[in-house]
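Each chain, letter by letter, is given below.
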Amino acid sequence: MTGFLIKRILQAIFVIIVVTLTVAFAIRLTGDPALMLTQGAGSVTEADLVRIREGLGLNQPFLVQYLSFIKGIFTLDFGRSFLGGTQVSLLIKDALPATLMLAFASMAVSIVLSIPLGIKAAVSRGKWSDQLIRIVSLVGLSFPNFWLGTMLVLIFAISLQWLPPSGMSGFTSFIMPAATMGIILTATNVRLVRTAMLETLQSQYIMVARAKGLSENTVLYKHALRNCAIPLITYFGLQFGGLLGGVVVIERVFNWPGMGTLAFDAVSGRDYPVLQATITVLSLLIVSVNLLVDIAYGLIDPRIRTE
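What follows concerns the packing of helix α8 (residues 172-201) against helix α11 (residues 229-245). Direction vectors running N to C along α8 and α11 enclose 160 degrees, while the axes themselves pass 11 Å from each other. One element, α8, and the other, α11, form an angle in the roughly antiparallel class. Between α8 and α11 the crossing geometry is right-handed. Mapping the contact onto sequence places Met181, Leu185, Thr188, Asn189, Leu192, Val193 and Ala196 in α8 and Leu232, Tyr235, Phe236, Gln239 and Leu243 in α11. When grouped by side-chain class, the residues that make up the contact of α8 with α11 number nine nonpolar, three polar and no charged.

Looking now at the nonpolar core. Counting residues in each nonpolar core, the largest one holds 40 residues, and the members touching the most others are Ile119, Met176, Met197, Leu201, Leu232 and Leu243. For this core, the secondary structure elements donating two or more residues are α5 (88-123), α7 (145-159), α8, α9 (204-211), α10 (216-227), α11 and α14 (272-300). Here this core gets eleven residues from one element, more than from any other, and that element is α8. What Leu232 contacts, discounting residues up to four positions off in sequence, is Leu192, Val193, Ala196 and Leu225. Ranked by size, the runner-up nonpolar core spans 20 residues in total, among them Val23, Ile27, Phe69 and Ala277.

Next up on the list: the pattern of salt bridges. Counted under the stated rule, the structure contains three salt bridges. Here Asp265 and Arg252 are joined by a salt bridge, their closest N and O atoms 3.0 Å apart. Of this pair, Asp265 sits in helix α13 (residues 259-269) while Arg252 sits in helix α12 (residues 248-253), and the two are 13 residues apart along the sequence. Among the ionic contacts, a cluster of salt bridges with common partners joins Asp130, Arg134 and Arg194.

Further remarks concern α13. By the burial criterion, the buried members of α13 are Met259, Gly260, Thr261, Leu262, Ala263, Ala266 and Gly269. Two residues or fewer past α13, Arg270 is found with a positive phi of approximately 50 degrees.

Two aromatic rings are characterised by how far apart their centres lie and by the angle between their planes. With the rule as written, the count across this model stands at four aromatic pairs. Seen in terms of ring centroids, Phe69 and Phe78 are 6.0 Å apart; in terms of plane orientation they differ by 45 degrees. Their pairing is tilted. Take Phe69: its relative accessible area is 9%, and that puts it in the buried class. With centroids separated by 6.1 Å and ring planes inclined at 40 degrees, the aromatic side chains of Phe156 and Trp162 adopt a geometry described as tilted. Residue classification places Phe156 among the partly exposed positions, given a relative accessible area of 27%. Owing to a relative accessible area of 60%, Trp162 belongs among the exposed residues under this scheme.

The next point concerns the environment of Met197. Considering the arrangement of structural elements, one finds Met197 in helix α8. For Met197 and Leu225, which are 28 residues apart along the polypeptide, the C-alpha to C-alpha distance reads 7.0 Å. Setting aside its immediate chain neighbours within four residues, Met197 contacts Ile119, Ala122, Leu220, Ala224, Leu225 and Cys228.

What counts and what doesn't
- Residues numbered from 1 in each chain as written.
- Predicted model: local features only at pLDDT ≥ 70, side-chain atom pairs only at ≥ 80, totals over all residues.
- Heavy atoms only, no water.
- Axes fitted to C-alpha atoms, helices over the stretch in contact; angles between N-to-C directions.
- Helix = DSSP H or I, 4+ residues; strand = E, 2+ residues; numbered from the N terminus.
- Parallel < 35°, antiparallel > 145°, perpendicular 65-115°, else oblique.
- Left-handed = near helix turned anticlockwise from the far one by under 90°.
- Contact = heavy atoms within 4.5 Å.
- Nonpolar A, V, L, I, M, F, W, Y, C, P; charged D, E, K, R; others polar.
- Core = buried A, V, L, I, M, F, W, Y, C linked by side-chain atoms within 4.5 Å.
- Buried < 20%, exposed > 50% of the residue type's maximum accessible area, 1.4 Å probe, protein only.
- Salt bridge = Lys/Arg side-chain N within 4 Å of Asp/Glu carboxyl O.
- Phe/Tyr/Trp six-rings, centres within 6.5 Å; stacked < 30°, edge-to-face > 60°.

Given below as structure tokens:
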């Protein structure tokens, strides 16, 4: 287990280095922040631009800037925003909880919907209910998340006026963004649950449980679901990691004050410290979740440790 753990940690560190290097290099190809900050400021001399670059630390070599940023990760000091001068760590501190709460809510919606629907489809294999669930899940996969979010806003916020159209202000503000992401995830998860349950329901111990006269719900939810939970938990964990990086569009649609909105605003304003820190923090979270899932799976199934 020690060797497996070391291998996974080294892989995670390598991924983080590649991501941070790529982001740091790509961001600096988008233009000169000094020129952007002086737009509309009247006549600006080259000496003024040099002083701005020195003040922002942009006159230093790329490697020096990158190592300084890596050091800031360990000290939680990502510098200051180019636009407002606010500590980037404070901006992330305000935005990260909103993104995490939305991601957890979306996963909860998906799990609540996909597990019973997937079980129903597996039990009704080949019947009309199975076909209907599979068709609906296929349709769900075809919906772009921004389109579905926009439709929910038009129906429930503008037409019916049941829910707030945007922002984060209480429980009701979670319903539409969480439902948007949850429905999209459910379209995939239903098929996964159905496949896992089909394999489990053919096992001998399921036939024995039914022969003992146990109720169908006990057989399905206590025995079958528990025994196929390992691959489901693994996939849900990996999916949650990807969800953290995929909420950017949804946050923009619903004006959600999370990491996605923070990153989008940073791109619009070429606020390099905010953008670099936002992408790095999200990448760290995704890598950490994937690492924890790998470790948990390795503990549960010893065969994984040899891969």
